[in-house]
Amino acid sequence: KKTAQKLIQEELDHAFMVWDKDEELLEFFKHSKGHKPVIVPFTPTAENVAAYIYHILKDKFSDIYKTGLHLQSIKLWETPTSYALYEIAAKDAKS
């Protein structure tokens, strides 16, 4: 929980995710105060953001007890009834 809070919540909470090819928004944030832009190399859809979070966190957990602990999936809720799920097959989790 602390790992996710430090790497994800502190970085992304109340931020505005901007695709690095969106010239108009990049220009806006250059001259804007009081905003927290996060520039990313992809279109920030819920599906892409879930994958982004997964790839940030996947190597941050230590399996100190050798139980097979690994990050299996990320579920990013968009609304109370809608979410994007990014997951990998169990066989791919160990690589």
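The rules behind the values
Residues numbered from 1 in each chain as written. Predicted model: local features only at pLDDT ≥ 70, side-chain atom pairs only at ≥ 80, totals over all residues. Heavy atoms only, no water. Helix = DSSP H or I, 4+ residues; strand = E, 2+ residues; numbered from the N terminus. Rg over C-alpha atoms; globule rule 2.2 N^0.38 Å. Buried < 20%, exposed > 50% of the residue type's maximum accessible area, 1.4 Å probe, protein only. Patch = residues over 30% accessible without salt bridge, like charges linked within 9 Å, V, L, I, M, F, W, Y side chains within 5 Å. Areas by Shrake-Rupley, 256 points an atom, 1.4 Å probe, with all protein chains shown as cover. Salt bridge = Lys/Arg side-chain N within 4 Å of Asp/Glu carboxyl O. Axes fitted to C-alpha atoms, helices over the stretch in contact; angles between N-to-C directions. Parallel < 35°, antiparallel > 145°, perpendicular 65-115°, else oblique. Left-handed = near helix turned anticlockwise from the far one by under 90°. Contact = heavy atoms within 4.5 Å. Nonpolar A, V, L, I, M, F, W, Y, C, P; charged D, E, K, R; others polar.

Enquirer: Help me out: how do you make sense of the overall build of the chain in this one?
Expert: Scanning the chain from terminus to terminus reveals three helices and four strands. Ordered by position from N to C terminus, the α and β elements of the chain give α-β-α-β-α-β-β. Relative to the globule expectation of 12 Å for 95 residues, the C-alpha radius of gyration of the chain, 16 Å, shows a markedly less compact shape. Principal-axis analysis of the C-alpha atoms places the extent of the chain at approximately 50 × 25 × 25 Å. The 95 residues of the chain split such that 23% are buried.

Enquirer: Teacher, can you tell me more about a nonpolar patch on the surface here?
Expert: Nonpolar side chains collect at one region of the surface, where W77, Y83 and L85 lie side by side and expose about 320 Å² of accessible area between them. Mapped onto the secondary structure, W77 falls in strand β3 (residues 73-79).

Enquirer: Explanation requested: the packing of helix α1 (residues 2-12) against helix α3 (residues 46-57) in the structure shown.
Expert: Angle between the axes and distance between the axes are the two parameters that describe a pair of packed helices. In the contact formed by α1 and α3, the axes pass within 10 Å of each other and the chain directions differ by 140°. Of the possible angle classes, the one that applies to α1 and α3 is oblique. Seen along the crossing, α1 lies across α3 with a hand that is right-handed. Side by side, α1 and α3 meet where T3, A4, L7, I8 and L12 of the first sit next to Y52, I53, I56 and L57 of the second. Its residues placed into classes, the contact of α1 with α3 shows eight nonpolar, one polar and no charged.

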